[in-house]
Amino acid sequence: MSKIPRSFRLLEELENGEKGFGPESCSYGLTDADDNTMTNWNGTILGPPHSNHENRIYSLAIECGPNYPDEPPKVKFISKINLPCVDQTSGEVVAKNFHTLRDWKRSYTMQTVLLDLRKDMATATNKKLPQPEEGSTF
Amino acid sequence: MTITIHVKCAQDNWEVPIEATATIAELKKAIAGVSSVPEDAQRLIYSGKILKDPETIESYKIQDGHSIHMVKSGLHKKSAGSAAAPAAAGAPAATPAAPSMAAGQTGGFNPLNDLTSARYAGYLGMPSASTFGPDGGINSAPDQEELLHMMENPVVQSQMNEMLSNPQMIDFMIQSNPQLQALGPQAREMLQSPMFRQMLTNPDMIRQSMQFANMMNGGAPGGAAAAPGAAQGGFPAPGETTEEAAEHAAADANTSTNTNTNAAAANPFAALFNPAVNPFGAMGQGQNAGANANTPAFNPALWASMLGNAGAAPAPAAPDNRPPEERYETQLRQLNDMGFFEFDRNVAALRRSGGSVQGALDALLNGDV
């Protein structure tokens with residue numbers, strides 16, 4: 001199977017994000033719509049129900065480097081969140097603690113990352129973690 | 001210029017026409033008009049950004065036909081406390097979350113998870129009604145002929161092939177089999193070898209080995225007769241205990257793997273289709289492998305438990321980790337064409353029906369999802 005080049009992949013993801021294909025529990029798009037390198041992205045995750053994250057909207061910054069999707073994007077929470085895989089000072093998602101980034105596959109997308117983070121919030125151990133006040137940021 | 005924006009909220013989807021120069025506050029007012037969600041309870045998300053009231057639609061570069069998500073807050077939060085609300089109108093993302101949460105909780109990759117989705121209803125290899133006796137118990141193991149028949153089915157064959165060429169599936173098989181774990185890296189090599197694949201998928205080879213099994217069994221009666229023992233998971237079958245049988249086969253396999261003759265390929269299946277080692281026994285109690293766990297060497301019984309898994313769940317053959325919109329792309333389009341626009345419900349319905357549009361329609365119309 002031939003590899004889809006970075007720009008095509010990101011354009012596809014951009015379209016999916018803007019048109020709202022995919023589940024509504026997450027959303028993503030370019031931080032600056034004029035950014036031709038398509039490096040910096042915004043993401044949001046709607047906290048999963050039946051957890052301390054319910055009804056919260058978490059904002060994230062996603063950076064797709066020049067080697068994306070061969071290499072995972074850098075993902076950083078802007079909204080404060082208490083999650084084992086998130087560095088509590090910077091908000092960064094620590095790749096070695098988060099399986100989707102650690103075992104990155106080329107077929108993964110930003111949506112994969114956001115949905116998996118959301119799943120991570122909903123795990124039995126994480127869903128009851130005390131969470132900082134909504135609206136606070138890293 | 002007037003543009004149309006799709007507003008999505010849980011199960012609902014509205015189309016809102018609005019001037020591109022309008023502010024977000026004005027947009028919220030327009031949404032309140034169609035959705036009965038008051039402006040101050042609306043939180044709008046577009047392209048990963050929370051939209052702020054004083055900004056304009058233009059400034060966020062929202063264009064005609066684009067979608068924004070709406071999350072209800074405030075009012076909704078109060079009613080959510082009463083627990084009834086999520087089930088009723090709101091349920092923000094409850095539907096999509098259910099499957100993903102389940103998957104999240106097991107952490108790793110487990111294709112058998114999917115079994116609960118009834119996605120594989122009607123698949124070959126699942127115990128059929130005839131498997132259960134009048135008293136509801138299992139009264140006959142799958143007949144050898146049935147198994148053969150199953151293996152000759154090109155669908156099953158291709159699924160087995162696919163399964164064995166998926167490294168993740170191999171990992172899973174190894175993890176779920178203590179004996180395979182003990183084998184270490186060899187196990188992976190073995191499972192991935194074309195030879196092994198051939199063994200598992202070639203009906204002729206299986207037929208051969210079944211004859212072999214019958215011989216080894218000292219002409220023991222066929223599947224059904226010995227099954228009571230098997231169905232009870234390791235209770236002695238008439239004449240010969242399961243352990244004896246398995247060890248018998250194990251010893252045989254050991255010698256023949258060394259000699260590396262044609263029989264080597266056939267032998268492991270002696271146990272596989274030995275009625276005493278019943279795939280459904282493995283499914284029901286997971287003890288097939290356990291019963292023989294004290295045999296550290298290459299143990300054919302583990303093929304049985306493996307094939308037990310595979311036979312019971314042909315679907316792991318195609319563990320599919322693509323996001324649903326990709327996996328069900330064509331089906332979703334069909335559902336859209338039929339006027340079902342609620343992505344989450346459509347996906348949930350397709351999950352339940354195993355990708356069948358017809359089944360999904362039934363589920364959607366019955367309100368099952």
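The numbers attached to residues start from 1 for each chain and follow its sequence in the written order. Following the order in which they are written, the chains are lettered starting with A and the ligands numbered starting with 1. Per-residue local features of the predicted model are confined to residues with pLDDT of at least 70, and side-chain atom pairs are confined, for both listing and counting, to 80 or more; whole-chain, interface and lining totals are unaffected and use all residues.

Enquirer: Whenever I open this one, the overall build of chain A confuses me. Can you help?
Expert: Within chain A one finds three helices and four strands. Helix and strand assignments follow DSSP, with helices taken as H or I runs no shorter than four residues and strands as E runs no shorter than two, numbered in order from the N terminus. Counting from the amino terminus, chain A carries its helices and strands in the arrangement α-β-β-β-β-α-α. A residue is called partly exposed when the number of other C-beta atoms within 10 Å of its own lies between 12 and 20, exposed at 12 or fewer, and buried at 20 or more, with C-beta atoms placed from the backbone. Within the span of chain A, comprising 138 residues, buried residues form 45% of the whole. Two residues form a contact once the distance between their C-beta atoms, set from the backbone, is within 7 Å. The contacts of chain A with a sequence gap of at least 6 include a subset with a gap of at least 24, amounting to 45%.

Enquirer: Help me out: how do you make sense of the interface of chain B and chain A in this one?
Expert: By convention, interface size is frequently given as the accessible area that disappears when the constituent parts associate. Contact with chain B, which involves 33 residues of that partner, is made by 32 residues of chain A. Elements with a contribution of two residues or more to the side of chain B that touches chain A: strand 1 (2-9), strand 3 (42-46), strand 4 (49-50), strand 5 (67-72), helix 2 (75-80), helix 4 (94-106) and helix 21 (343-353) of chain B. Classification used: nonpolar for Ala, Val, Leu, Ile, Met, Phe, Trp, Tyr, Cys and Pro, charged for Asp, Glu, Lys and Arg, polar for all others including Gly. A breakdown of the residues in the side of chain B that touches chain A according to their chemical character gives 15 nonpolar, 11 polar and seven charged.

Enquirer: Please clarify how unusual backbone geometry should be interpreted in this entry.
Expert: Leave glycine aside and you will find that most residues have negative phi; peptide bonds, for their part, are mostly trans. Cis rather than trans, the peptide bond between Tyr68(A) and Pro69(A) has omega equal to 0°. Positionally, Pro69(A) belongs in the loop between strand 3 (57-63) and strand 4 (74-77). Although it is not a glycine, His50(A) adopts a positive phi angle of roughly 60°. On the basis of neighbour count, His50(A) is assigned to the partly exposed category, with 14 C-beta atoms found within 10 Å. Phi angles above zero are rare outside glycine, and Lys61(B) is one such case at about 60°. Mapping Lys61(B) onto the fold places it in the loop between strand 4 and strand 5. With 16 C-beta atoms counted inside 10 Å, the residue Lys61(B) sits in the partly exposed group.

Enquirer: Could you clarify how one ought to interpret the nonpolar core in this entry?
Expert: In globular proteins that are soluble, nonpolar side chains generally tend to be buried together. What we call a nonpolar core is a set of buried Ala, Val, Leu, Ile, Met, Phe, Trp, Tyr and Cys residues whose membership is set by joining through C-beta atoms within 7 Å. Judged by nonpolar contacts, the single largest core of 46 residues is most densely connected at Leu114(A) and Ile68(B). Non-local contacts of Ile68(B), meaning those with residues more than four positions away in its chain, are made with Ile5(B), Val7(B), Leu44(B), Ile45(B), Tyr46(B) and Ile62(B). Core analysis: the second largest hydrophobic core is formed by 14 residues, Met151(B), Met169(B), Leu180(B) and Leu183(B) among them.

Enquirer: Is there a simple way to think about the sheet that holds strand 3 of chain A in this case?
Expert: Backbone hydrogen bonds hold the strands of a sheet together, and the pairing may be parallel or antiparallel. Residues and elements named next belong to chain A. Pairs of strands are assigned from DSSP output, requiring at least two bridges between the strands. Judged by pairing direction, the sheet is antiparallel, and its four strands sit side by side in the order 1-2-3-4 without closing on themselves. Looking at strand neighbours, the two that pair on one side only are strand 1 (26-30) and strand 4, the edges of this open sheet. Direction aside, the axes of adjacent strands within the sheet are offset by 25° on average. Here strand 3 pairs with strand 4 via four bridges, running antiparallel. Across the sheet, Glu-63 pairs through a bridge with Lys-74, a residue of strand 4. The sheet contacts of helix 3 (residues 110-122) involve strand 1, strand 2 (40-46), strand 3 and strand 4, and relative to strand 1 the element is tilted by about 145°. Interaxial angle, 0 to 180 degrees, is taken between N-to-C directions of lines fitted to C-alpha atoms, where a helix line uses only the stretch in contact.

Enquirer: Looking at this structure, how should I read the sheet that holds strand 1 of chain B?
Expert: Residue and element names in this part refer to chain B. If you walk across this open sheet you meet the five strands as 2-1-5-3-4, and the pairing is mixed. Edge positions in the sheet fall to strand 2 (12-19) and strand 4, since each of these pairs with one other strand and no more. Its contacts with the sheet place helix 1 (residues 24-35) against strand 1, strand 2, strand 3 and strand 5, and it is angled at close to 135° to strand 2.

Enquirer: Which parts of the structure should I look at to understand the pairing of strand 1 of chain B?
Expert: All names here are of chain B. Here strand 1 pairs with strand 2 via eight bridges, running antiparallel. Its bridge partner lying in strand 2, Thr-2 is registered against Glu-19. Between strand 1 and strand 2, which follow one another and run antiparallel, lie two residues, and Ala-10 among them has a positive phi close to 45°. In this structure, strand 1 lies alongside strand 5, joined through three bridges in parallel fashion. By the bridge assignment, Lys-8 is partnered in strand 5 with His-69.

Enquirer: Teacher, can you tell me more about the packing of helix 21 of chain B against helix 22 (residues 357-366) of chain B here?
Expert: Between two packed helices, what matters for the description is the angle formed by their axes and the separation of those axes. Residues and elements named next belong to chain B. Helix 22 packs onto helix 21 with a crossing angle of 125° between their chain directions and a minimal axis gap of 8 Å. With respect to each other, helix 21 and helix 22 are oriented oblique. Like other packed secondary-structure pairs, helix 21 and helix 22 cross with a definite hand, here right-handed. Here helix 21 contributes Arg-345, Asn-346, Ala-349, Leu-350, Arg-352 and Ser-353 to the contact with helix 22, which in turn contributes Gly-359, Ala-360, Ala-363 and Leu-364. The class makeup of the residues in the contact of helix 21 with helix 22 is five nonpolar, three polar and two charged. What sets the label is the angle itself: under 35 degrees gives roughly parallel, over 145 gives roughly antiparallel, 65 to 115 gives roughly perpendicular, and the rest give oblique. Note: crossing handedness is left-handed where the near helix turns anticlockwise from the far helix by less than a right angle, and right-handed where it turns clockwise.

Enquirer: It is not clear to me how the pairing of strand 3 of chain A should be interpreted in this structure. Could you clarify?
Expert: Sheet faces and side chains relate simply in a regular strand, where the side chains alternate between the two faces. Summarising the sheet, strand 2 of chain A and strand 3 of chain A pair through seven bridges and their orientation is antiparallel. Paired with Leu46(A) across the two strands is Ile57(A), which belongs to strand 3 of chain A.

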